[in-house]
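Structural overview
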Amino acid sequence: MQRETGASIRVGVGYDSHRFVAGRPLKLGGVVIPSDFGLAGHSDADAICHAITDAILGAAGIGDIGEMFPDTDEANRNRDTIEMLTAAVQRVEKAGMKVNQVDVAVVAESPRLGPHRAKIRERLATALGIESASVSVKGKSNEGMGWIGRKEGIACIAVATLTKTS
Ligand SMILES: [Zn+2]
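To keep things clear, this report deals only with the structure shown in the data block. (Residues numbered from 1 in each chain as written. Predicted model: local features only at pLDDT ≥ 70, side-chain atom pairs only at ≥ 80, totals over all residues. Heavy atoms only, no water.)

So, about the pattern of salt bridges. Tallied over the entire structure, the rule returns four salt bridges. Of the charged contacts, one joins Asp-103 and Lys-138 as a salt bridge, the two residues approaching to 2.7 Å between their closest N and O atoms. Here Asp-103 is found in strand S5 (residues 97–107), whereas its partner Lys-138 is found in strand S6 (residues 135–140), with 35 residues between them in sequence. The class for Asp-103 is partly exposed, based on a relative accessible area of 26%. You can call Lys-138 partly exposed: its relative accessible area is 34%. Of the charged contacts in the structure, one is a salt bridge between Arg-150 and Glu-152, with a shortest N-O distance of 2.8 Å. Looking at Glu-152, the relative accessible area reads 31%, which means it is partly exposed. (Salt bridge = Lys/Arg side-chain N within 4 Å of Asp/Glu carboxyl O. Helix = DSSP H or I, 4+ residues; strand = E, 2+ residues; numbered from the N terminus. Buried < 20%, exposed > 50% of the residue type's maximum accessible area, 1.4 Å probe, protein only.)

Taken together, Asp-16 (OD), His-18 (NE2) and His-50 (ND1) make up the full set of protein donors to the zinc ion, lying 1.9 to 2.1 Å away. Along the chain, the residues donating to the zinc ion fall in the pattern D-x1-H-x31-H. Since its relative accessible area comes to 14%, His-18 is described here as buried. (Donors = N, O, S within 2.8 Å, 3.2 Å for Na, K, Ca; no water.)

Ranked by internal contacts, the top residues of the largest apolar core, which has 46 residues, are Leu-28, Ile-48, Ile-52, Ile-56, Leu-124 and Leu-128. In terms of residues, this core owes the most to one element, helix H1 (residues 47–60), which gives ten residues. Ignoring sequence-local partners within four residues, the contact set of Leu-128 consists of Ile-52, Leu-85, Val-89, Val-99, Val-102 and Val-135. (Core = buried A, V, L, I, M, F, W, Y, C linked by side-chain atoms within 4.5 Å. Contact = heavy atoms within 4.5 Å.)

Turning to the packing of helix H3 (residues 81–94) against helix H4 (residues 117–128), a few remarks are in order. Across the interface, H3 lies against H4 with an axial gap of 8 Å and an inter-helix angle of 40°. Taking contact as the criterion, the partners of Ile-82, Leu-85, Thr-86 and Val-89 in H3 are, on H4, Arg-123, Leu-124, Ala-127 and Leu-128. (Axes fitted to C-alpha atoms, helices over the stretch in contact; angles between N-to-C directions.)

It is worth spelling out the side chain of His-18 at this point. With respect to the element layout, His-18 can be found in strand S1 (residues 9–22). At 3.3 Å, the side chain of His-18 forms a polar contact with the side chain of His-50. Not counting the four nearest positions on each side in its chain, His-18 is found in contact with Leu-39, Ala-40, Gly-41, Ala-45, Ala-47, His-50, Gly-153 and Ile-154. (Polar contact = N/O pair within 3.5 Å; in protein donor to acceptor, adjacent residues only side chain to side chain.)

Purely spatial values, then, with no claim about function.
Here you go:
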């Protein structure tokens, strides 16, 4: 019996975390969110964008964000991560796939994402070349437990699906 080779839908997962620090803007999903703390990192430390970038590269099976944008490269210092995400989307498209849909869970005690969610979805949708209805962003607390509970940082988990175009 002949088995069909290569499913038409591919799934990828991405994870990212960053430590809170004073004196940097808090940028999540390409949107600056009013906060006493920003996130430490070599780039702009946008954990949502980093997790999504890894999810779509993983779904395509073409590496990860660290390979594509090494932190040893000075060009990546404070780099705008929406730009990195757009470059990853282009690479995915070159590999014969298209981003279909993205779902993100953001785990942090603060700030609350609710008031900024529509803007974040819109910004991500534009970068991904899909409609904002196909981008989901959910905020969760960690119920006061562990490093997230102590407000030391933020974690993001993203799942993306891709459709083969060729
Ligand atoms: Zn990151």
